[in-house]
Every structure is written in structure tokens, then in C-alpha cells.
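Remarks on the overall topology
What follows is the residue order along each chain.
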Amino acid sequence: MYHSIKDIINISDEENKPFWQVVMESDMQERGVTADISYAAMEKLYAAMKKADDDYRAELISASGLVGGDGGKLHIYNEAGKNICGDFIGLVMERAVKMGESNACMRRIVAAPTAGSCGVIPAVLLSYETYRNAPEDRLVEALFVAAGIGEVIASSASISGAEGGCQAEIGSASAMAAGAVAYLENGDCETIIHAAALALKNMLGLTCDPVA
């Protein structure tokens, strides 16, 4: 079991196991399940993220009337080749907005780590799979990496927007996604934690409505 990022690194070094496996084995120990069951549970979450992305409907509007359709507009914008951020970041933005809209419209999403920040990790990992043609087992392993980072943040600080503001939700999700991508790019444990830390640091002090 681990309680900090340092714990994960120490276990990884001492037992010569990758970051993701340390996290998976902690889940196995905590829930009393086999490796196959733990892995299958994470695989199911990734499949749910894919389905949520596939099932996006631009015509849906939230009960408040404030949310809906912007993901469709972003798709049209990206297809026209106008996004100055580039194809990959453009697709990440599109998918993140779509997932957030689906949440607001009461569609099925994966809280990662919360419903309010549900768009970040799916948008990054699904887009990475598209552009790098990455095998799904690597994406599932990356989700374990993200989960380990999120677990440490949740236990040491907070992932609650009500308690910590946007930085607790979007900041945590961004740190989780950054660590996951660092792993996918063959980064070692140190690279993973620096990626997560840099993402989180850039969210510190973020208020819930920086524009208005």
C-alpha cells in the first residue's frame, strides 16, 4: 500500500515494478481481488470513456439551457483545419468539451476523478490512442498511473471543487492526465511525477470563473 508519490516510487524501485503495477497491486490488496479482476475493472472504465465519447449528441441541451452543442461546433472548427493549437490539442479540446457537456446533460460519464472534471482524462487518452495508434493495454496501464496520482491527491489534499475550487478538480485531473501521458511516452517514475507536478502547479490559485 502507498500513501504518497514517494511511496509509489520506493516500491517501484525496491520491487523493480512499473508505476502502474504498484498502483494495481495496491488496488488488489485493498479490495482483495486478483490481478485479472483489478485490470478488468480499469479496462471497463476505459471502455466506458470510449462509449461516452462515441455517444455524444450535439443536439442535447442541459436543464439550465446553458450547456450543449459546443462540442459539435468545435468538431466543425477542427475539421476545417482552423485550430491554431494543432490537430492533437484541438481534438483534446473537442473531446473534453463534449464529455463535459454530456455530464451536464445527465449522460453516462466516468468521474475521473470527479464528474466536474470528467472530460480531461478521456480527452487526453482517447486522443493519444488516435494519434499514436497506441495499444489499448498501454492505455489501461496509463489509467492506473493516473489513478495512483489521483489517490494521493485525494488523500493528501482534495479533489473536491466545493472544498478546493477548480484547482482541486481540473488541477487534479490535469495532473493525472499528464502523468499518464508521461508514462505512455516511456517516461520513468521521476518523469511521471514531474509531469503531474508541473500540471498541478499551473492550476494553483485557479478560480472557478477566471473570465467573468
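Use the structure listed above.
Residues numbered from 1 in each chain as written. Predicted model: local features only at pLDDT ≥ 70, side-chain atom pairs only at ≥ 80, totals over all residues. Heavy atoms only, no water.

Quick word on helix 5 (residues 87-104)
Because each turn of an α-helix spans 3.6 residues, side chains separated by three or four positions in sequence point in the same direction. With 18 residues, helix 5 should reach 26 Å at 1.5 Å per residue; the first-to-last C-alpha distance of 26 Å fits that figure. Every buried residue of helix 5 is accounted for by G90, L91, V92, E94, R95, K98, M99, E101 and S102. Where helix 5 is buried, its residues contact helix 3 (35-54), helix 4 (70-79) and helix 6 (120-132). Positioned one or two residues after helix 5, M106 has a phi angle of 65 degrees, which is positive. (Helix = DSSP H or I, 4+ residues; strand = E, 2+ residues; numbered from the N terminus. Expected span 1.5 Å × (residues − 1). Buried < 20%, exposed > 50% of the residue type's maximum accessible area, 1.4 Å probe, protein only. Contact = heavy atoms within 4.5 Å.)

Brief notes about the packing of aromatic side chains
Using the criterion set out here, one finds 2 aromatic pairs in the structure. Seen in terms of ring centroids, W20 and F144 are 6.2 Å apart; in terms of plane orientation they differ by 40 degrees. Their pairing is tilted. Of this pair, W20 sits in helix 2 (residues 19-31) while F144 sits in helix 7 (residues 136-156); the two residues are 124 residues apart in sequence, bridging distant segments of the chain. Like F144, W20 is buried. (Phe/Tyr/Trp six-rings, centres within 6.5 Å; stacked < 30°, edge-to-face > 60°.)

Observations regarding empty space enclosed by the protein
A probe matching the size of a water molecule, rolled over the atoms, marks out where space remains unfilled. Within this structure, the stated rule accounts for 1 cavity of 30 Å³ or more. Computed from the structure, the largest cavity encloses a volume of approximately 40 Å³. Lining of the largest cavity is provided by Y56, R57, L60, G68, E101, S102, C105 and R107. Here the residues of the lining of the largest cavity sort into 3 nonpolar, 2 polar and 3 charged. (1 Å grid on protein atoms, 1.4 Å probe; cavity = no way out; pocket = protein on both sides within 12 Å on 5 of 7 lines; lining within 4 Å. Points joined across faces, edges and corners; volume = space filled by probe spheres on them. Nonpolar A, V, L, I, M, F, W, Y, C, P; charged D, E, K, R; others polar.)

A few points about the environment of T191
Mapped onto the elements of the fold, T191 is located in helix 10 (residues 189-201). Assessed through its relative accessible area of 37%, T191 is described here as partly exposed. The sequence separation of T191 and A178 amounts to 13 residues, and the corresponding C-alpha distance is 10.0 Å. In terms of polar contacts, T191 uses its side chain to reach the side chain of D188, at 2.8 Å. (Polar contact = N/O pair within 3.5 Å; in protein donor to acceptor, adjacent residues only side chain to side chain.)

Observations regarding the nonpolar core
Judged by nonpolar contacts, the single largest core of 45 residues is most densely connected at F19, Y46, I121, L125 and I149. Secondary structure elements with two or more residues in this core: helix 1 (5-15), helix 2, helix 3, helix 6, helix 7, helix 9 (166-184) and helix 10. If one sorts the elements of this core by residue count, helix 7 sits on top with 10 residues. Ignoring any residue separated from it by four or fewer positions in sequence, one finds L125 in contact with Y46, L139, L143, A180 and L184. (Core = buried A, V, L, I, M, F, W, Y, C linked by side-chain atoms within 4.5 Å.)

Quick word on the pattern of salt bridges
For the structure shown, the criterion picks out 12 salt bridges. Note that K50 and E136 form a salt bridge whose closest N and O atoms lie 3.0 Å from each other. Of this pair, K50 sits in helix 3 while E136 sits in helix 7, and the two are 86 residues apart along the sequence. On the basis of relative accessibility, which here comes to 24%, the residue K50 falls in the partly exposed class. For K98, the salt bridge is made with E94, and the minimal N-O distance between the two is 2.7 Å. Linking K98 with E94, this pair stays in helix 5, spanning 4 residues, or about one helical turn. (Salt bridge = Lys/Arg side-chain N within 4 Å of Asp/Glu carboxyl O.)

Side note on the packing of helix 5 against helix 6
Two elements in contact, helix 5 and helix 6, have axes separated by 8 Å at closest approach and are oriented at 140 degrees. Judged by the angle between their axes, helix 5 and helix 6 are oblique. Seen along the crossing, helix 5 lies across helix 6 with a hand that is right-handed. Contacts between helix 5 and helix 6 pair D87, F88, L91, V92, R95, A96 and M99 from the former with P122, A123, V124, L126, S127, Y128, T130 and Y131 from the latter. Of the residues contributing to the contact of helix 5 with helix 6, the split by class is 11 nonpolar, 2 polar and 2 charged. (Axes fitted to C-alpha atoms, helices over the stretch in contact; angles between N-to-C directions. Parallel < 35°, antiparallel > 145°, perpendicular 65-115°, else oblique. Left-handed = near helix turned anticlockwise from the far one by under 90°.)

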